[in-house]
Amino acid sequence: MNNTGHKMLEKHGDGNSWRKVADEFGVSPSMAWRIAKEGYEPQDNEIRAALGWPLIVKVQVSEKKELENVLLPWNVKILNCRSCQRPFIRLHPRQVYCDPSCRP
Ligand SMILES: [Zn+2]
């Protein structure tokens, strides 16, 4: 079971309703229940962000392979390109365009 589920179970064991537990973690009561009771690990990045979990991104690991899910490391920032609005992984703190061709 994941750590978050453990904490949720503890909170619930302290006499908090699932709704209260869920509010505290920023998820729905049914989601909190599944995470705590079933060890469910949400794949939805909005939920993962609420839980403070690493996000999942699809990347092409090699030329021949299909896109794969990978966990996004904490220090990686995803921004929307200031020009084309496409999400991109920022490689430099001052980078605001996804690609040099997007520079005005
Ligand atoms: Zn762009």
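The model shown is predicted, which means the values in this text are computed figures rather than measured ones.

Attention now moves to the domain arrangement of the chain. Many structure descriptions define interface size as the accessible area lost when the parts assemble. Structurally, the chain comprises domain 1 (1–72) and domain 2 (73–104). Of note, the centres of domain 1 and domain 2, computed from C-alpha atoms alone, are 26 Å apart.

A few words on the nonpolar core. Ranked by size, the top nonpolar core spans 9 residues in total: M8, V21, A22, V27, M31, A32, I35, A36 and L51. Secondary structure elements with two or more residues in this core: helix 2 (18–25) and helix 3 (29–38). A total of 4 residues in this core trace back to one element, the largest contributor, which is helix 3.

Note that strand 3 (residues 77–80) and strand 4 (residues 87–90) share 4 bridges and pair antiparallel. Across the sheet, residue L79 finds its bridge partner in strand 4, namely F88. Here strand 3 folds back onto strand 4 in antiparallel fashion, the turn holding 6 residues, of which Q85 has a positive phi close to 70°.

A few words on the packing of helix 1 (residues 3–13) against helix 2. Put simply, helix 1 and helix 2 touch, their axes get as near as 9 Å, and they point 140° apart. On the basis of the axis angle, helix 1 is oblique to helix 2. The interaxial crossing formed by helix 1 with helix 2 has right-handed handedness. Contacts between helix 1 and helix 2 involve T4, M8, K11 and H12 from the former and W18, V21, E24 and F25 from the latter. Of the residues that constitute the contact of helix 1 with helix 2, the class distribution is 4 nonpolar, 2 polar and 2 charged.

Analysis parameters
Residues numbered from 1 in each chain as written. Predicted model: local features only at pLDDT ≥ 70, side-chain atom pairs only at ≥ 80, totals over all residues. Domains from an automatic or database assignment. Core = buried A, V, L, I, M, F, W, Y, C linked by C-beta atoms within 7 Å. Buried ≥ 20, exposed ≤ 12 C-beta atoms within 10 Å, placed from the backbone. Helix = DSSP H or I, 4+ residues; strand = E, 2+ residues; numbered from the N terminus. Pairing = 2+ DSSP bridges. Axes fitted to C-alpha atoms, helices over the stretch in contact; angles between N-to-C directions. Parallel < 35°, antiparallel > 145°, perpendicular 65-115°, else oblique. Left-handed = near helix turned anticlockwise from the far one by under 90°. Contact = placed C-beta atoms within 7 Å. Nonpolar A, V, L, I, M, F, W, Y, C, P; charged D, E, K, R; others polar.

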